[in-house]
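This is what each chain is made of:
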Amino acid sequence: MTKFNKTKKIGIFGGTFDPIHSGHIKIAKLALNYLGINKILFIPAGDPYLKSNHIKITSSQMRLEMVRLAIKDGKEEKFSVSDIEVKKEGPSYTLDTVTKFKKEGLNPIVILGMDSVLLMTQWKDPEALINECKILAITRPGSNLSDFYNLNINGLQEAVEILKVNTPKITSSDIRNRIRFKKDIKNMISPSVEKFIKDKKIYI
């Protein structure tokens, strides 16, 4: 595959972020360096419909604040957060977000973990999305690329650039369970996020 044109302006990194953790920050830093762009925009989903239909999701405002705190702790000037999907009514669709940014004159690259890419057949109109933007897929431990190449989405392989790295074995669900059972979460989330979770009694 051909690498992305380095003149792309913005990377958008969406997700539930329930909670945001050090693995997310690591992915964003890898993407920032690889793409050579000037900005990564974290976008918490207002209503992550693929998850909210079967598990309880922390309020969008709390998840938004945790992302803000994590970015502040990380002190990466090229990271920022957007509430575009939090303010939107109804389910959060990446296609809608990309389209809105393009109308504003931006040229977004969607940053995803490979696990999210493998779920794209369940997304709203994935073929329309890949016609609108490029996608940077970042592998995680245990990523099976054969599953990616077997996905039945026209044009997907041409639209996706795969960055093979060894990202931390951290998941939000593991963090939630650790908090629930009073287990150690040191180095898994930023100090301000940990304090926020404790103060607001989230995940207990």
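Up top is the structure these notes are about.
Residues numbered from 1 in each chain as written. Predicted model: local features only at pLDDT ≥ 70, side-chain atom pairs only at ≥ 80, totals over all residues. Heavy atoms only, no water.

Asker: Before we go on, may I ask you to explain the packing of aromatic side chains in this structure?
Answerer: Taken as a whole, this structure holds 6 aromatic pairs when the rule is applied. Centre to centre, the rings of Phe13 and Phe42 are 5.4 Å apart; their planes meet at 50°, and the pair counts as tilted. In this pair, Phe13 is assigned in strand 1 (residues 10-15) and Phe42 in strand 2 (residues 40-44), connecting sequence segments 29 residues apart. Relative accessible area serves as the criterion here: at 0%, Phe42 is assigned to the buried category. (Phe/Tyr/Trp six-rings, centres within 6.5 Å; stacked < 30°, edge-to-face > 60°. Helix = DSSP H or I, 4+ residues; strand = E, 2+ residues; numbered from the N terminus. Buried < 20%, exposed > 50% of the residue type's maximum accessible area, 1.4 Å probe, protein only.)

Asker: It is not clear to me how empty space enclosed by the protein should be interpreted in this structure. Could you clarify?
Answerer: Rolled over the atoms, a probe with the dimensions of a water molecule shows which regions are left empty. Per the stated rule, a full pass over the model turns up 1 cavity of 30 Å³ or more. Its volume calculated, the largest cavity comes out at about 30 Å³. In this structure, the largest cavity is lined by His21, Gly23, His24, Ile27, Arg140, Thr167, Pro168 and Ile170. For the lining of the largest cavity, the residue count by class is 3 nonpolar, 4 polar and 1 charged. (1 Å grid on protein atoms, 1.4 Å probe; cavity = no way out; pocket = protein on both sides within 12 Å on 5 of 7 lines; lining within 4 Å. Points joined across faces, edges and corners; volume = space filled by probe spheres on them. Nonpolar A, V, L, I, M, F, W, Y, C, P; charged D, E, K, R; others polar.)

Asker: Got a minute to help me understand helix 3 (residues 60-74) in this structure?
Answerer: The α-helix advances 3.6 residues per turn, and as a result positions three or four apart in sequence lie on the same side. Here helix 3 contains 15 residues, and its C-alpha end-to-end distance of 21 Å stays within 8% of the 21 Å for a straight helix at 1.5 Å per residue. Along helix 3, the residues that are buried comprise Ser60, Arg63, Leu64, Met66, Val67, Leu69, Ala70 and Ile71. Of the surrounding elements, those touching the buried residues of helix 3 are strand 1, helix 1 (22-35), strand 2, strand 3 (79-81), helix 4 (84-87) and helix 11 (191-200). Of the residues one or two after helix 3, Lys75 is the one with positive phi, at around 55°. (Expected span 1.5 Å × (residues − 1). Contact = heavy atoms within 4.5 Å.)

Asker: Just to check I follow, could you spell out the layout of surface pockets for this structure?
Answerer: If you add up the space inside the largest pocket, you get close to 1000 Å³. Looking at the largest pocket, it is lined by 46 residues, and the ones nearest its centre are Gly14, Gly15, Thr16, Lys51 and Ser116. Of all the elements in the fold, those that place two or more residues in the lining of the largest pocket are strand 1, helix 2 (49-52), helix 5 (94-103), strand 4 (108-113), helix 6 (114-117) and helix 10 (172-180). Top element by residues in the lining of the largest pocket is strand 1. It accounts for 4 residues. Taken together, Ile55, Lys56, Ile57, Thr58, Ser59, Met62, Arg176, Arg180, Ile202, Tyr203 and Ile204 make up the lining of the second largest pocket. By residue class, the composition of the lining of the second largest pocket is 6 nonpolar, 2 polar and 3 charged.

Asker: Please clarify how the side chain of Ser82 should be interpreted in this entry.
Answerer: Here Ser82 lies in the loop between strand 3 and helix 4. Only 3.1 Å separates the side chain of Ser82 from the backbone nitrogen of Ile84, close enough to count as a polar contact. In contact with Ser82, not counting residues within four places along its chain, are Leu41, Phe42, Ile43, Pro44, Leu64 and Phe101. (Polar contact = N/O pair within 3.5 Å; in protein donor to acceptor, adjacent residues only side chain to side chain.)

Asker: I tried to follow the nonpolar core on my own but got confused; where do I start?
Answerer: Side chains that are nonpolar tend, in soluble globular proteins, to be buried together. Membership of the largest hydrophobic core comes to 35 residues, with the highest contact counts inside it found for Ile20, Ile40 and Phe42. Only helix 1, strand 2, helix 3, strand 4, strand 5 (134-138), helix 10 and helix 11 provide two or more residues apiece to this core. With 7 residues, the top contributor of residues to this core is helix 1. In this structure Ile20 touches Ile25, Phe42, Met66, Val67, Ala70, Ile189 and Val193, once residues within four positions along its chain are discounted. Core analysis: the second largest hydrophobic core is formed by 28 residues, Ile43, Ala137, Ile153 and Ile162 among them. (Core = buried A, V, L, I, M, F, W, Y, C linked by side-chain atoms within 4.5 Å.)

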